[in-house]
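# Topology and contacts: notes
Take a look at the letters that make up each chain.
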Amino acid sequence: MTAARGDALQGRIALVTGSTRGIGQAIAQRLAADGATVIVNGRRAEDCARVAAEIPGAVPMAADQADLAQVRALCERAAREVGTIDILVNNAAIAPRTAITRVTDEEWNESLLVNLTAPFWFIRELVPAMKKAGRGCIVNVTSGAGVSGTIGFSSYAAAKGGLVGLSMTLAQELVGFGIRVNLLAPGALTDMLRQLPPALLEPMIGRLPSLEENAEAAFSLIADESRNGELLHVGSDAG
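Residues numbered from 1 in each chain as written. Predicted model: local features only at pLDDT ≥ 70, side-chain atom pairs only at ≥ 80, totals over all residues. Heavy atoms only, no water.

### A short note on the packing of helix H4 (residues 105–133) against helix H6 (residues 154–174)
To keep things clear, this is the line we draw: Fitting a line to C-alpha atoms yields each axis, with helices limited to the stretch in contact; the angle taken between N-to-C directions then spans 0 to 180 degrees. Each helix is a run of DSSP H or I of at least 4 residues and each strand a run of E of at least 2, with the numbering of both proceeding from the N terminus. For classification purposes, angles smaller than 35 degrees are called roughly parallel, those larger than 145 roughly antiparallel, those between 65 and 115 roughly perpendicular, and all remaining angles oblique. In a left-handed crossing the near helix is turned counterclockwise from the far helix by less than a right angle, and in a right-handed crossing that turn is clockwise. Residues are treated as being in contact if the distance between any of their heavy atoms lies within 4.5 Å. Note that Gly is not counted as nonpolar here; it falls among the polar residues with everything else outside the nonpolar set of Ala, Val, Leu, Ile, Met, Phe, Trp, Tyr, Cys and Pro and the charged set of Asp, Glu, Lys and Arg.
Two elements in contact, H4 and H6, have axes whose closest approach is 8 Å; the angle formed by their N-to-C orientations is 15 degrees. Classified by the angle between their axes, H4 and H6 sit roughly parallel to one another. Helix-helix and strand crossings are classified by hand; for H4 and H6 the assignment is right-handed. Touching Glu-107, Trp-108, Ser-111, Leu-112, Asn-115, Leu-116, Pro-119, Phe-120, Ile-123, Val-127 and Lys-131 of H4 are Ser-154, Ser-155, Tyr-156, Ala-158, Ala-159, Lys-160, Gly-162, Leu-163, Leu-166, Leu-170 and Leu-174, all from H6. Class assignment of the residues belonging to the contact of H4 with H6 gives a composition of 14 nonpolar, five polar and three charged.

Below you can see the structure in the form of structure tokens.
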């Protein structure tokens, strides 16, 4: 599932949230390989700087996406210093594992904030400039848990399910402005899967796609301008 690297994204500016490790980092690397200027984002400035230094042309910009003021500041800084973001990958997430009777209000609210509200904030901040430019691509990273559920991850699954509904709505609402919205449901050894009991996790590990395969799937949703309103599952395991 490896495509030739080229210049399909030359002149494009991409923000990948949560791109200091894992799937987000792999996506940032893949987009840069095809010419995009990538904004590497995470909560810690030193992590952003470290990863950006390894990606040609990447720009590090730290922000806590659970803080609206920081989200707005990042978007304003990016417009001022880099240019109009026309590719947004909402990848950053948290996945608390708790039985439903033990889920606290704080845990529930934090999960919805990071996994659903923050992607909405980024979209709301960046769509006006995308509309003005007449083009844009948004990829929201969801999970199989948001479609079919995963025991012990009620708050995470609820938020990721909400992200599916938001994305499918925006795919219809924004397409007339030249903005496409798609969903990626990764199959990878994510933080959520690492919390599963060994008896459930170990049989999955050998069947999970690599980070690079997940990044290639994200790239396909971005580079192929005919794709809109799709939910692309990578592999068959929730993650």
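After that view of the structure, there is still more to cover.
### A look at the packing of aromatic side chains
To keep things clear, this is the line we draw: Each aromatic pair joins two rings of Phe, Tyr and Trp (for Trp, the six-membered one) with centres within 6.5 Å, and gets the label stacked for planes under 30 degrees apart, edge-to-face for over 60, and tilted for any other angle. Look at NZ for Lys and CZ for Arg. If either is within 6 Å of the ring centre and within 35 degrees of the ring normal, a charge sits over the ring.
Evaluation of the coordinates by the stated rule reveals one aromatic pair. With 6.3 Å between their ring centres and 65 degrees between their planes, Phe-153 and Tyr-156 make a pair best called edge-to-face. Sitting above the plane of the Phe-177 ring, Lys-131 keeps its charged end 4.2 Å from the centroid.

### Quick notes on the pattern of salt bridges
Where we set the bar: Within this document, salt bridges are pairs made up of a side-chain nitrogen of Lys or Arg and a carboxyl oxygen of Asp or Glu, the two lying within 4 Å of each other. For the exposure calls, accessible area comes from a 1.4 Å probe over protein chains only, and a residue counts as buried if that area is under 20% of its type's maximum, exposed if over 50%, partly exposed in between.
Applying the stated criterion across every chain, the model contains ten salt bridges. Across the pair Arg-227 and Glu-230 runs a salt bridge whose closest N-O atoms are separated by 3.0 Å. On the accessibility criterion, Glu-230 (27% relative accessible area) is partly exposed. Residues joined in a network through salt bridges with shared partners are Arg-44, Glu-46, Asp-47 and Arg-50.

### Observations concerning the sheet that holds strand E6 (residues 179–185)
Formally: Only when DSSP finds a minimum of two bridges between them are two strands counted as paired.
Within the open sheet, the seven strands sit side by side as E3-E2-E1-E4-E5-E6-E7. Their pairing is parallel. Because the sheet does not close on itself, it has two edges, and the strands there are strand E3 (59–60) and strand E7 (231–233). Across four bridges, strand E1 (residues 13–16) lies against strand E2 (residues 37–40) in parallel orientation. Looking at the pairing, Leu-15 lines up with Ile-39 of E2. Contacts from H6 reach strand E5 (136–141), E6 and E7 within the one sheet, and its direction differs from that of E6 by about 155 degrees.

### Examining the nonpolar core
Proteins that are soluble and globular tend to have nonpolar side chains buried together. How we decide: We define a nonpolar core as any set of buried Ala, Val, Leu, Ile, Met, Phe, Trp, Tyr and Cys residues linked to one another through side-chain atoms lying within 4.5 Å.
Ile-27, Leu-31, Val-38, Val-40, Val-89, Leu-184 and Ile-222 are the most contacted members of the largest nonpolar core, which totals 31 residues. Elements with a minimum of two residues in this core: E1, helix H1 (22–33), E2, helix H2 (45–52), strand E4 (87–90), E5 and helix H9 (211–223). The residues contacting Val-40, other than those within four sequence positions of it, are Ser-19, Thr-20, Cys-48, Val-51, Ala-52, Ile-55, Ala-58, Val-59, Pro-60 and Met-61. With 24 residues, the next largest nonpolar core counts Ala-78, Ile-123, Val-127 and Met-130 among its residues.

### Topic: the environment of Asp-86
The condition is simple: Contacts described as polar in this section are N or O atom pairs within 3.5 Å, which, within protein, must combine one atom able to donate a hydrogen with one able to accept it, while residues neighboring in sequence count only if both atoms come from side chains.
Structurally, the position occupied by Asp-86 is in the loop between helix H3 (68–81) and E4. Residues Asp-86 and Ile-13 lie 73 residues apart in sequence; the distance between their C-alpha atoms is 5.8 Å. Excluding residues within four positions of it along the chain, Asp-86 makes contact with Arg-12, Ile-13, Met-130, Arg-135, Gly-136 and Cys-137. Only 3.0 Å separates the side chain of Asp-86 from the backbone nitrogen of Ile-13, close enough to count as a polar contact. Of the polar contacts made by the side chain of Asp-86, one reaches the side chain of Arg-135; its length is 2.9 Å.

### Let's talk about the packing of H3 against H4
In the contact formed by H3 and H4, the axes pass within 10 Å of each other and the chain directions differ by 35 degrees. Considering the relative orientation of H3 and H4, their crossing is right-handed. Only Trp-121, Phe-122, Arg-124, Glu-125 and Leu-126 of H4 make contact with H3, whose side of the interface consists of Leu-68, Val-71, Arg-72, Leu-74 and Cys-75. Classifying every residue of the contact of H3 with H4 gives seven nonpolar, no polar and three charged.

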